[in-house]
Amino acid sequence: MQELVAQLFGYLLGIWRFRWLAVFVAWGIALSGWLLVEQFPDKYRAAARLHVDTNSVLRPLLQGLAIQPNIEQRVQMMKTLLTRPNLEKLMRMSDLDIKVTTDKQKDEMVDELAKSITIDGDPRNPSLYGVSYTHADPSVAKRVVQSLITVFIESTLGNKRQDSSGAQSFLDQQIADYEKRMAESEKRLA
């Protein structure tokens, strides 16, 4: 035990003897680290959580499936809403297309949007999704996420309208079919 204490005091004495060298080395490492971190570009991440009734939005995609998909499959299906027309609409809504002059720049911007947007799901609630976007300008990141939520809402409302119009046409068809049957049965009865 005494050897361990003696060895510890030997180390402490060595550290105390070279303390100024250690301080200068620590300051040199800290300054070089700060300069290195300063060179990194700023990145801002805007995120939102939204509740999407996946049963109505994904119904056309899930049609014919006997089993319910897991959360990763649902997230992949939600990412199918990020089609090129939707990304171009998102670009216009968030004013990212102001500086775009050529078709090549537009394609690059759409590709960058597709890579930078992340969608993740909540395993406990299959209808709760997180949407995030990372950009060097915080206001651009916020506008893109807000526009993306608007695109999701519009697509959800569009699907609900299609479901409602589909149900209405089905009901109209059924009423016409019953009227026809009723007219035939009245004809036979007469």
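See the structure shown above.
Residues numbered from 1 in each chain as written. Predicted model: local features only at pLDDT ≥ 70, side-chain atom pairs only at ≥ 80, totals over all residues. Heavy atoms only, no water.

A. The arrangement of the overall build of the chain in detail. Per the secondary structure count, the chain includes eight helices and three strands. Tracing the chain from N to C terminus, the helices and strands come up as α-α-β-α-α-α-α-α-β-β-α. Among the 190 residues that make up the chain, the fraction classed as buried is 25%. In the chain, the proportion of contacts linking residues at least 24 apart, taken out of those at least 6 apart, comes to 64%. When the accessible surface of the chain is split by element, carbon and sulfur atoms take 60% of a total near 14,200 Å². (Helix = DSSP H or I, 4+ residues; strand = E, 2+ residues; numbered from the N terminus. Buried < 20%, exposed > 50% of the residue type's maximum accessible area, 1.4 Å probe, protein only. Contact = heavy atoms within 4.5 Å. Areas by Shrake-Rupley, 256 points an atom, 1.4 Å probe, with all protein chains shown as cover.)

B. Structural detail: the packing of aromatic side chains. Evaluation of the coordinates by the stated rule reveals one aromatic pair. Stacked on the ring of Trp 16, the Lys or Arg Arg 19 has its end atom at 4.0 Å from the ring centre. (Phe/Tyr/Trp six-rings, centres within 6.5 Å; stacked < 30°, edge-to-face > 60°. Lys NZ or Arg CZ within 6 Å of the ring centre and 35° of its normal.)

C. Representation of the side chain of Ser 94. On the secondary structure map, Ser 94 appears in the loop between helix H6 (84–93) and helix H7 (103–116). Dropping the residues within four chain positions of it, Ser 94 is found in contact with Arg 143, Val 144 and Ser 147.

D. Representation of the sheet that holds strand E1 (residues 44–51) within the structure. Here we have three strands laid out as an open sheet, ordered E1-E3-E2, and antiparallel in their pairing. Either end of the sheet is taken by a strand with one partner, and the two such strands are E1 and strand E2 (117–121). Direction aside, neighbouring strands of the sheet carry axes that sit 20° apart on average. Where E1 and strand E3 (residues 128–135) come together, eight bridges link them in antiparallel fashion. Bridging across to E3, Tyr 44 finds its partner in His 135. (Pairing = 2+ DSSP bridges. Axes fitted to C-alpha atoms, helices over the stretch in contact; angles between N-to-C directions.)

E. Broad picture of the packing of H6 against H7. Two numbers describe how H6 lies on H7: the axes approach to 10 Å, and their chain directions differ by 100°. Regarding the angle of H6 to H7, the classification is roughly perpendicular. Across the interface between the two elements, Arg 84, Leu 87, Glu 88, Leu 90 and Met 91 of H6 pack against Lys 106, Asp 107, Met 109, Val 110, Leu 113 and Ala 114 of H7. Residue classes in the contact of H6 with H7 are distributed as seven nonpolar, no polar and four charged. (Parallel < 35°, antiparallel > 145°, perpendicular 65-115°, else oblique. Nonpolar A, V, L, I, M, F, W, Y, C, P; charged D, E, K, R; others polar.)

F. Local environment of the pattern of salt bridges. Counted under the stated rule, the structure contains three salt bridges. Among the ionic pairs, Glu 88 bridges to Arg 84, the shortest N-O distance being 3.2 Å. Taken together, the positions of Glu 88 and Arg 84, both in helix H6 and four residues apart, correspond to about one turn of that helix. Taking the relative accessible area as the measure of exposure, Glu 88 reaches 18% and is therefore buried. A relative accessible area of 36% places Arg 84 in the partly exposed class. Here Arg 181 makes a salt bridge to Asp 177, at a shortest N to O gap of 3.4 Å. On the criterion of helical spacing, the pair formed by Arg 181 and Asp 177 is a turn pair, its members being four residues apart in helix H8 (residues 138–189). A relative accessible area of 48% means that Arg 181 is categorised as partly exposed. (Salt bridge = Lys/Arg side-chain N within 4 Å of Asp/Glu carboxyl O.)

G. Representation of unusual backbone geometry within the structure. Phi is positive for Asp 95, close to 60°, though the residue is something other than glycine. Along the chain, Asp 95 falls in the loop between H6 and H7. Overall, the relative accessible area of 39% leaves Asp 95 in the partly exposed class.

H. Geometry of a nonpolar patch on the surface. Together, Met 1, Leu 4, Val 5, Leu 8, Phe 9, Leu 12 and Ile 15 make up an exposed nonpolar region whose accessible area comes to about 790 Å². Residue Ile 15 is classed as exposed on the basis of its relative accessible area, which comes to 57%. (Patch = residues over 30% accessible without salt bridge, like charges linked within 9 Å, V, L, I, M, F, W, Y side chains within 5 Å.)

I. Looking closely at the pairing of E2. By the bridge criterion, five bridges tie E2 to E3 in an arrangement that is antiparallel. Its bridge partner lying in E3, Asp 120 is registered against Gly 130. Count of turn residues in the E2/E3 antiparallel hairpin: six residues.

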